[in-house]
Each structure stands twice: as C-alpha cells, then as structure tokens.
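# Overview (structure and organization)
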Amino acid sequence: MVPPRILSTPEADRVIGALAAAHGPLMFHQSGGCCDGSAPMCYPLGEFRVGGQDVLLGHVAAAGQGGGVPVWIGAAQFAYWQHTQVTIDVVPGRGAGFSLEGPLGVRFIVRSRVFDDAEAAALEAAGPPPRGE
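Throughout what follows, the structure given in this document is the object of discussion. Values in this document were obtained by computation on a predicted structure and should not be read as measured data.

## Let's talk about the nonpolar core
Counting residues in each nonpolar core, the largest one holds 25 residues, and the members touching the most others are I16, L26, F28 and F108. Secondary structure elements with two or more residues in this core: helix 1 (10–23), strand 2 (26–30), strand 4 (54–60), strand 5 (69–74), helix 2 (75–81), strand 6 (84–92) and strand 7 (106–114). If you tally residues by element for this core, the top one is helix 1, at five residues. Judged by nonpolar contacts, the second largest core, of five residues, contains M41, Y43, L56 and W72.

Given below as structure tokens:
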C-alpha cells in the first residue's frame, strides 16, 4: 500500500473548513522561499499558479471540495522532503500574511516523519507524483 505523502490534523481540518466556508475552494503551496515560504500557504483555489516545477503531494481535508484540498510543493523543496510524510497542522500566532488563515490568529505549519523502508519502496514503485503544467 502506498502511504500518503500529505496529511492534516483535525485542528488544521477545522481551520481549512472555516476558510473554505469563507473563501470557497482552496489550495496549499509550500515553496521554501523567504517570508514563511517554508510554511504551507493557503490560497483560494487557482489564485497561486502552479507550474512544471511544482509537485502535487496529495490532498487534505475535503472541506466541501470533492477530492479534497490540493497541496503543492516546489520541486526544489520536494527534493528535500520526498523521504518524509508531511502533516499540515495549525498553531496560534501569525505567519507572513500571504496565507488566508492570518486574520484568524493562527498559522499553518508542517510536521514530518521519515518514511520507513517499506513505505519508501512502495512510493518508489508507484512512480513520481504529478507535477503542475
């Protein structure tokens, strides 16, 4: 069985649900740049344009979005994180302000764990994750 590359905590799911109710369909992107760029940024779906250098980690919290909220990561960041399962969580505080959750007094963060050997083998056998266009 191929493990998911991306998960979200119940607390993050609640915030994602509230943001989706206010803003409609959502997406996440993690670029690894400056200004909290290593934190997952939440945008209205399609507001951040993904390209060929972006990797789709998977989807989190359905929040009224059939298949869930897509989570993208820049290819350079993916090179560092490809061996880990990433979990989006939420903590009190403010991030850089580009992400939708800022006015709520919380910010999204990532937690991670390294895939075990069996999980890594399953991911390798499944092939690379999709990229943006």
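## Re the pattern of salt bridges
Evaluation of the coordinates by the stated rule reveals three salt bridges. Linking R111 and D89 is a salt bridge whose minimum nitrogen-to-oxygen distance equals 2.7 Å. Of this pair, R111 sits in strand 7 while D89 sits in strand 6; the two residues are 22 residues apart in sequence, bridging distant segments of the chain. For R111, a relative accessible area of 43% corresponds to the partly exposed category.

## Quick word on the side chain of E119
Considering the arrangement of structural elements, one finds E119 in helix 3 (residues 117–126). Among the polar contacts made by the side chain of E119, one reaches the side chain of R113 at a distance of 2.7 Å. Every residue in contact with E119, bar those within four places of it in the chain, is listed here: P3 and R113.

## Description of the packing of aromatic side chains
Applying the stated criterion to the full structure yields two aromatic pairs. Here the aromatic rings of F28 and F108 are separated by 5.0 Å at their centres, their planes lie at 80°, and the arrangement is edge-to-face. A residue pair is termed long-range when its members are at least 10 positions apart, and F28 in strand 2 and F108 in strand 7 qualify at 80 residues. Taking the relative accessible area as the measure of exposure, F108 reaches 1% and is therefore buried. With centroids separated by 5.3 Å and ring planes inclined at 25°, the aromatic side chains of Y43 and F48 adopt a geometry described as stacked. What makes F48 partly exposed here is its relative accessible area of 27%.

## Re the sheet that holds strand 2
Reading across the sheet, the four strands line up as 3-2-5-4 and stay open at both edges, with mixed pairing between neighbours. Every other strand in the sheet has two partners, leaving strand 3 (41–44) and strand 4 as the edge strands with one partner each. Taken over all neighbouring pairs, the strand axes of this sheet differ in orientation by 30° on average, direction set aside. Pairing geometry for strand 2 and strand 3, over four bridges, is antiparallel. Note that in strand 3 the partner of F28 across the bridge is C42. The sheet strands contacting helix 1 are strand 2, strand 3, strand 4 and strand 5, and the helix crosses strand 2 at an angle near 120°.

## Quick look at helix 3
Among all positions in helix 3, only E119, A122 and L123 are buried. The buried residues of helix 3 occupy one face: seen down the axis, they fall within an arc of 100°. The exposed set on the far side of helix 3, more than 90 degrees from its buried face, consists of D117, A118, E124 and A125. Packing partners of the buried residues in helix 3 comprise strand 7.

Analysis parameters
Residues numbered from 1 in each chain as written. Predicted model: local features only at pLDDT ≥ 70, side-chain atom pairs only at ≥ 80, totals over all residues. Heavy atoms only, no water. Core = buried A, V, L, I, M, F, W, Y, C linked by side-chain atoms within 4.5 Å. Buried < 20%, exposed > 50% of the residue type's maximum accessible area, 1.4 Å probe, protein only. Helix = DSSP H or I, 4+ residues; strand = E, 2+ residues; numbered from the N terminus. Salt bridge = Lys/Arg side-chain N within 4 Å of Asp/Glu carboxyl O. Polar contact = N/O pair within 3.5 Å; in protein donor to acceptor, adjacent residues only side chain to side chain. Contact = heavy atoms within 4.5 Å. Phe/Tyr/Trp six-rings, centres within 6.5 Å; stacked < 30°, edge-to-face > 60°. Pairing = 2+ DSSP bridges. Axes fitted to C-alpha atoms, helices over the stretch in contact; angles between N-to-C directions. Arc of directions from axis to C-beta.

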